[in-house]
Structures are given as structure tokens and as C-alpha cells.
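Structural characterization, general
What follows is the residue order along each chain.
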Amino acid sequence: MVKAWLFGCFLLTGIGSFAQTEPALIPVPVEARYSAGSFSLPAMLNISFDAGIADKSFLLQQMGSKLTRIAGIELKETPSDQAQLQFKLTKAAASLSPESYQLSINEKGILIEAPSSAGLFYGVQTLWQLLPPAIESKSRVANMNWSLPYCSIKDAPRVGWRGLMLDVARHFFTKEQVKDFIDHMAAYKYNRLHLHLTDDQGWRIEIKALPKLTEVGAFRGERTGRWGEFGKQDPKEPKTYGGYYTQEDIKELLAYAAERHISILPEIDIPGHSMALLAAYPDLSCTPGTAYQVNGGDRFMHWPGGGKFYSDIDNNLCPANERVYALLDTIFTEIAALFPMEYIHMGGDETYKGWWEKSAAIKDLMKREKLKDMHEVQSYFVKRVGKIIASKGKKMMGWDEIMEGGLASGAGVMSWQGEKGGIAASKMKHPVVMSPNSYTYVDLYQGDPLAEPPTYGMLRLKKTYEFNPVPAGADPAYVLGGQANLWSERLHTVRHAEYMLWPRAFAVAESVWSPQQKKDWNSFVQRIETHFKRFDQAGINYSTSMYDPILSVRTVKDTAVEVSMQTEVPNLNIHYSFDEFPPDNFYPEYKSPIVFPAGASTLRVQTYRQGKPIGRLMILPLAELKKRIRK
Ligand code: ACM
């Protein structure tokens with residue numbers, strides 16, 4: 001039995017000497033003990049539920065969706081003394097996290113115990129990961145021995161807020177696509193879905209009292225290609241790209257997420273990022289007469305460097321216009337009634353103040369309210385929005401720019417410009433969610449730009465894995481948790497979104513769930529391999545960029561171009577060529593920095609493991625590499 005199980009693991013990983021002796025759980029549990037033997041699921045599995053398990057029928061449906069539909073195992077509810085799978089509610093001890101669970105598997109069967117439905121649900125997510133990847137298949141898998149290793153697992157999350165943000169404004173994702181996203185989150189024990197519902201490129205939520213927001217704001221001209229380089233829209237061109245969620249859609253998503261123990265945080269991004277709103281209500285900016293359209297991906301914001309930015313069009317709401325606050329009151333009334341989450345996110349990021357500086361209305365406001373600079377103007381706006389949100393019985397959260405000019409009382413801060421804002425806000429006793437772009441911005445490059453779809457910045461998997469949601473210097477009592485953000489400017493499809501998300505969202509999942517001392521990079525990259533196999537079965541896309549070499553380039557002896565390479569995953573061999581032929585593992589192996597020989601114009605590299613290609617063939621023109629040389 002033991003041998004059979006170890007052999008199963010060998011097949012699971014399929015990587016020779018990398019075979020693991022423990023199942024590849026992500027996030028890694030607080031405590032897991034494995035013992036010899038495995039429990040084979042019978043053709044008819046008896047299941048029992050303690051009285052008081054509120055979502056018994058949902059758990060049964062979840063079990064059936066894999067065990068019956070995929071493994072062909074029938075389920076029968078029985079008393080606990082006849083059950084091979086028992087769900088038990090434990091007494092919630094004060095010391096026990098409500099999301100904790102225990103899972104034990106031995107010759108008698110499977111026991112999942114938890115103080116809450118959430119804990120039971122997480123126990124089930126771990127159970128799936130103990131089964132072979134084929135359990136993730138979309139159709140019935142015949143002739144499998146579905147067996148589970150004997151184990152005793154005790155597990156609980158490190159932090160309470162384990163979030164993923166999905167930007168549905170830049171590109172629209174349908175309700176069904178969001179449900180899939182929720183399923184994938186739940187499998188890795190995420191529990192907060194932050195929906196970025198509005199931006200310059202789209203307004204994605206029905207506000208019943210303001211139908212123009214979606215009639216006008218949810219649609220734009222259709223474009224494909226490289227984001228930021230699209231031509232301007234003709235005002236008369238058909239606005240065929242877009243979409244929005246009706247309030248019924250939102251209710252359906254909320255219910256779907258709640259069953260999976262995920263709360264949804266709505267974000268209405270103001271006062272900047274408001275072009276879609278302004279397309280519907282053009283007189284609410286401080287720049288009257290601007291011909292607004294929903295932005296279709298032509299570049300109007302510029303980032304010359306040093307953290308500076310400016311916009312060609314005023315995309316801000318006007319803090320000096322009372323009708324802005326009346327409109328926001330209407331919007332937040334409906335948002336607050338719809339979403340049960342205690343927080344509403346009001347954005348607050350990247351507001352270019354140059355337009356306000358030119359506005360007579362803003363000058364009057366500053367005089368009246370004794371505001372000394374644009375930060376205080378923004379702070380005045382944010383505080384008024386905070387009051388509106390509070391009047392609806394909710395707390396306000398915003399990006400860390402809301403700290404500029406004075407933080408509104410009680411406001412939650414989502415720290416995206418690194419960790420410093422979050423650290424400072426926690427010390428000021430404000431609730432904080434850490435989502436620093438330096439660790440959790442999963443829209444950035446994860447591999448060499450010459451091998452990746454175009455984006456900006458760089459965030460390799462290893463750096464993501466170093467994410468610590470409670471960084472040194474922060475007051476842990478005020479850190480709600482951590483979050484990864486998936487901005488969607490360039491993500492035209494779910495395939496691309498998934499590619500950016502995975503495996504970096506594995507790294508964030510482990511960072512927000514597992515104890516810091518349990519994290520181990522080498523173990524993590526091995527475990528990922530099994531999850532790639534699970535995703536292959538499930539038809540979910542992911543990136544293998546972590547296997548590609550990381551290049552650095554410099555000139556030596558004034559003119560020669562030297563390339564150094566390393567890999568973030570251990571035990572890979574890099575082979576290379578300068579002769580235009582794709583290097584196989586008989587080609588030279590990289591050992592130390594190489595210099596472009598005379599006449600060569602392209603370097604080709606590929607990583608191999610045990611003689612098998614594992615990274616992508618990277619084609620690296622000399623002319624492109626030269627651009628990376630620091631002058
Ligand atoms: C942000 O990335 N602008 C929050």
C-alpha cells in the first residue's frame with residue numbers, strides 16, 4: 001500500500017528525482033503528518049454530517065461534483081457510525097480560528113472537523129488536493145483507484161483577508177467567467193474577491209436610479225492589439241465592446257461566492273479613473289465642455305518616471321461640485337444595499353491634480369474650506385465620500401493615496417505603492433490590506449519581456465513568494481491581510497488572465513494562509529508542478545515562465561556584449577546557440593557569462609531538466625539585448 005502510494009506521488013509529479021514524498025498541498029498546511037497506507041474510496045461512499053452543519057446540501061453537491069461526476073463514486077448519507085466520510089462540527093474554542101479545520105484519513109475513512117462551515121469547506125479543498133490531478137478533469141475518468149494517503153492535518157489561516165482583485169472595468173468578464181474565477185480562488189482558500197467595477201474604460205454595475213451609467217459607460221469601440229497604442233475612437237463609431245452586471249447578476253455572484261466562503265468587495269474608483277462615469281455625466285468634472293467618451297485603450301495618461309504622471313483629459317470628478325456628492329450618494333445607496341461586505345472601496349488612486357489646479361471652482365472651494373493644497377482638496381473629497389459611505393452603514397476603504405492630505409477617520413487603506421503606506425496606516429490604527437505592487441501585482445511581467453505578452457514592470461514568481469502580508473514595522477493588530485491584484489488593461493481573454501494569475505496566485509495564497517516559517521521556495525516550486533497537472537486537467541491556463549532563464553546584459557572590453565543567465569527554479573540546465581538553430585540539450589550548456597561572437601545577431605536559449613525541455617525557446621536579438629545595457 002505504501003509503495004503504491006509513493007508510486008502514485010511519483011506519477012503525480014512525474015519528474016524523476018524530484019518525486020515528492022508528501023502530497024503537493026498549496027497552501028502548505030500548518031501541520032501535516034503522513035503515515036504508511038492509503039484509503040481507497042469505495043464505489044459507494046457513505047457520508048455523515050453532524051446536526052447543525054448548515055450547508056450540508058452544498059457540501060453534498062460539491063462532493064458529488066467531483067466524486068460522482070468525475071470518479072463515478074456514488075454518495076449516500078448515513079449515520080456517522082456507518083460513514084467512511086464524516087463531517088463534524090467541533091466546539092469553537094476561543095483559541096481556534098473559525099476558518100480552521102482538521103482532516104484525518106486512516107483505515108476507517110475520512111474525518112473532516114471544523115468549528116464552522118468555512119473550515120469544513122477548506123477541509124474539502126485540501127481533500128481534493130490529496131487526490132490525483134485527474135479529479136480536476138471535466139469528464140468522467142474510468143479505471144482509477146481513487147485513494148487518499150493516511151494523514152492527520154491541522155490547519156488554519158495566517159490572516160483573515162486573503163484577497164484577489166479582478167479588474168472587470170478595463171476588460172469585461174462575464175458572470176460565468178467570474179464564477180469560474182471564484183471557484184479557482186476557493187480551491188486555494190482565498191476568501192475576498194475585490195471587484196474593480198469602474199474605471200476610465202467601463203462602468204460595470206447597474207445603478208437603477210442612474211441608467212445612463214451603464215447605457216453609456218459600459219460600452220466602447222472594439223479594439224484588439226497592443227493596449228495603449230489604439231487609435232482614438234470616433235465619437236460616432238459603434239460602441240460594441242463592453243458589458244455590465246445587473247443587480248440580479250451581482251446577487252447571483254454574491255450568493256455563489258458566499259457558498260464558497262468568499263465575500264465580495266465592490267470598488268467604485270473615484271475621483272480619478274472616472275472617464276466612463278463622465279461619458280454619461282460630462283458636467284461632473286472640473287473641466288466643463290470636455291467631449292468625454294469611455295476610453296477605448298488609447299493612451300491619455302502618461303508616466304514620465306519618478307512616480308510622476310499626468311493626463312491629457314480631465315478624468316476626475318470635481319470635488320467642488322455638490323451634484324457630484326448627490327450622484328455618489330445615489331450610487332453608494334444602491335451599492336451598500338447590494339453588497340453585504342462591511343467595506344466599500346472608493347479607489348482614490350492616481351488622481352492627476354493638474355486639472356483641479358486650473359479650476360476656478362476648486363480655488364473657491366479651497367478658500368471656503370481653508371484647503372492649502374491639492375492633497376487637501378483630495379482629502380476633502382475622500383472625507384465627504386467617507387461620510388456618504390458611513391451614512392449607508394458601511395466602512396470606506398481606498399488605495400493608499402487616500403492618506404495624502406489627511407486620512408479620513410476609520411478609513412481602511414489598501415497599500416499598493418509598496419508597503420510603506422500600509423505600515424504607516426496600521427501604526428495610525430487604521431485597518432490595512434497589504435497589496436504592494438512590489439510583491440502582489442500579478443499584471444506585471446513574470447518572465448523576460450522578449451518571451452512574454454507586453455505589459456510593464458517585473459514581478460517574478462520568486463519575489464511574489466516572498467510576500468509577507470504582515471511586514472516588519474506594521475502593527476499586526478491592524479493588518480487585515482493581503483491581496484493580489486489582477487489589472488486587465490491588456491487581458492482580452494480569460495486565457496491571458498489565467499496566464500498572469502497562475503502560478504503567482506499560488507504564491508500569494510501560500511503567503512496569506514501558511515505560517516511564514518512553513519514557506520519554502522524549493523518545496524513550493526516542486527509542489528506547483530502537481531498543480532500545473534491539475535490545471536491541465538481542468539483546462540485552466542498558467543505560465544511556465546519560472547523555468548526560463550533570467551538574463552543580465554553588459555558590455556565588456558567596450559564593445560562586446562556579454563550575457564549572464566540564472567534560473568529561479570533549481571536544477572535546470574540552460575543550453576544556448578548563436579547559430580540560429582534552436583538549442584537542444586546537445587548544444588553548449590551555459591556555465592558562465594557568454595559573449596556574443598562576431599557576426600552573431602541572435603541568442604537562443606532554452607532550459608532543460610534531465611534532458612527534457614522545460615522552459616520555452618527564447619529568441620533574443622542582439623539589438624534588443626543591447627537596449628538593456630546601462631550606459
Ligand atoms: C493602482 O494600481 N492604481 C491601485
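Quantities reported herein were computed from a predicted structural model and do not represent experimental measurements. (Residues numbered from 1 in each chain as written. Predicted model: local features only at pLDDT ≥ 70, side-chain atom pairs only at ≥ 80, totals over all residues. Heavy atoms only, no water.)

**Things to note about the overall build of the protein chain**
What counts is decided by this rule: Secondary structure elements are taken from DSSP: a helix is a run of H or I of four residues or more, a strand is a run of E of two residues or more, and numbering for both begins at the N terminus. As a reference, a globule follows 2.2 Å times the number of residues to the power 0.38, and the radius of gyration itself is taken over C-alpha atoms. Exposure categories follow from relative accessible area, calculated using a 1.4 Å probe and restricted to protein chains: below 20% of the type maximum is buried, above 50% is exposed, and the middle band is partly exposed. Note on contacts: a residue pair is in contact if any heavy atoms of the two residues lie within 4.5 Å. Only the protein chains shown count as cover for residues, and the accessible areas themselves come from Shrake-Rupley with a 1.4 Å probe. Positive: Lys, Arg. Negative: Asp, Glu. His and the chain ends are not part of the count. The location of each charge is read from NZ of Lys, CZ of Arg, CG of Asp or CD of Glu.
Along the protein chain, the regular secondary structure elements total 18 helices and 28 strands. The globule rule puts the C-alpha radius of gyration for 631 residues at 25 Å, and the 26 Å found for the protein chain is close to it. Buried positions account for 59% of the 631 residues belonging to the protein chain. Counting contacts in the protein chain only where the partners sit at least 6 residues apart, residues at least 24 apart contribute 70% of the total. Total accessible area on the protein chain is roughly 25,500 Å²; 53% of this is exposed by carbon and sulfur atoms. Distance from the positive charge centre (72 side chains) to the negative charge centre (69 side chains) of the protein chain: 2 Å.

**Notes on the sheet that holds strand 23 (residues 560-566)**
Selection criterion: Pairing between strands is defined by DSSP: at least two bridges between them are needed.
Sheet architecture is open: 3 strands sit in the order 22-23-25, paired in antiparallel fashion. Strands with a single pairing partner mark the edges of an open sheet, and in this sheet they are strand 22 (550-556) and strand 25 (594-595). As paired elements, strand 23 and strand 25 share 2 bridges and run antiparallel to each other. Looking at strand 25, one finds that Val 563 is bridged to Ile 594.

**Focus: empty space enclosed by the protein**
Filter applied, for reference: A 1.4 Å probe that fits but cannot get out identifies a cavity on a 1 Å grid over protein atoms alone, an open set with protein on both sides within 12 Å along at least five of seven lines counts as a pocket, and a residue lines either if it has an atom within 4 Å of a point. Grid points are joined across faces, edges and corners, and a volume is the space filled by probe spheres set on the points. In the scheme used here, Gly and all other residues not listed as nonpolar or charged are polar, with Ala, Val, Leu, Ile, Met, Phe, Trp, Tyr, Cys and Pro taken as nonpolar and Asp, Glu, Lys and Arg as charged.
With the rule as written, the count across this model stands at 3 cavities of 30 Å³ or more. Quantified by volume, the largest cavity comes out at close to 60 Å³. Around the largest cavity, the lining residues are Asp 443, Thr 455, Trp 487, Ser 488, Glu 489, Arg 490, Leu 491, His 496 and Met 500. Within the lining of the largest cavity, the residues separate by chemical class into 3 nonpolar, 3 polar and 3 charged.

**Quick look at the layout of surface pockets**
Taken as a whole, the largest pocket spans an internal volume of roughly 1,200 Å³. Lining of the largest pocket is provided by 46 residues; of these, Met 301, Trp 303, Glu 350, Tyr 456 and Glu 489 occupy positions nearest its centre. Among the secondary structure elements, those contributing two or more residues to the lining of the largest pocket are strand 15 (301-305) and strand 16 (308-311). For the lining of the largest pocket, the element with the highest residue contribution is strand 15, accounting for 3 residues. Taken together, the residues of the lining of the largest pocket break down into 13 nonpolar, 17 polar and 16 charged. The calculated volume of the second largest pocket comes to roughly 830 Å³. Contributing to the lining of the second largest pocket are 37 residues, with Lys 66, Glu 136, Asp 183, His 184 and Ile 540 lying nearest its centre.

**Considering helix 12 (residues 420-427)**
Restricting attention to buried positions, one finds in helix 12 the residues Gly 421, Gly 422, Ile 423, Ala 425 and Ser 426. Structurally, helix 12 contributes buried residues whose contacts are with strand 19 (412-415), strand 20 (432-434) and strand 21 (479-486). Among the residues trailing helix 12, Lys 429 stands out with phi positive, at a value near 65 degrees.

**Concerning the confidence of the model for the protein chain**
To keep it simple, the criterion reads: Values of pLDDT, which run from 0 to 100, indicate the predictor's confidence residue by residue.
Taken over all residues, the pLDDT of the protein chain has a mean of 95, while the share at 70 or more is 96%. At the level of individual helices and strands, the protein chain shows its lowest average pLDDT in helix 1 (residues 2-13), which scores 36, and its highest in strand 9 (residues 192-196), which scores 99. Below pLDDT 50 for its whole length, residues 1-20 participates in 34 contacts with residues either more than four positions away or in separate chains.

**A closer look at the pattern of salt bridges**
Quick reminder of the rule: Should a side-chain nitrogen of Lys or Arg be within 4 Å of a carboxyl oxygen of Asp or Glu, the pair is scored as a salt bridge.
Inspection of every chain in the model, using the stated rule, returns 36 salt bridges. Its salt-bridge partner being Glu 77, residue Lys 56 comes within 2.9 Å of it at the nearest N-O pair. Placement of the pair is Lys 56 in helix 2 (residues 56-68) and Glu 77 in strand 3 (residues 74-77), with a sequence separation of 21 residues. With relative accessibility at 31%, the residue Lys 56 sits in the partly exposed group.

**Examining the state of the cysteines**
This is how it is decided: Cysteine sulfur atoms are paired as a disulfide whenever they come within 2.5 Å of each other.
Tallied over the full model, the rule gives 1 disulfide. Here Cys 286 pairs with Cys 318 through a disulfide, and the sulfurs are 2.0 Å apart. Residues Cys 286 and Cys 318 are joined through a disulfide that is right-handed, its torsion about the S-S bond being 90 degrees. Note that Cys 286 is positioned in the loop between helix 7 (275-280) and strand 15 and Cys 318 in the loop between strand 16 and helix 8 (322-338), a separation of 32 residues in sequence. Like Cys 318, Cys 286 is buried.

**Observations concerning the sheet that holds strand 17 (residues 343-347)**
This is how it is decided: To obtain each axis, a line is fitted to C-alpha atoms, and for helices this fit is confined to the stretch in contact; angles are then taken between N-to-C directions over 0 to 180 degrees.
Pairing is parallel in the closed barrel, where 8 strands are placed in the order 8-9-14-17-18-19-20-21. Within this sheet the neighbouring strands show an average axis-to-axis angle of 30 degrees, counted without direction. Sheet topology places strand 8 (residues 161-167) next to strand 9; 5 bridges connect them, and they run parallel. The residue of strand 9 that forms the bridge with Met 165 is His 194. In the packing of helix 4 (residues 175-187) onto the sheet, contacts are made with strand 8, strand 9 and strand 21, and the angle to strand 9 comes to roughly 150 degrees. On top of the sheet, helix 8 reaches strand 14 (263-270) and strand 17; it is set at about 170 degrees to strand 14, its chief contact.

**Thoughts on the side chain of Ser 545**
Tracing the chain through its elements places Ser 545 in the loop between helix 17 (521-538) and strand 22. On the accessibility criterion, Ser 545 (1% relative accessible area) is buried.

**Focus on the environment of Asp 183**
Following the sequence through the fold, Asp 183 ends up in helix 4. Residues Asp 183 and Glu 77, spaced 106 residues apart in sequence, show a C-alpha to C-alpha distance of 25 Å. Not counting residues up to four positions away in its chain, the partners in contact with Asp 183 are Tyr 256 and Arg 260.

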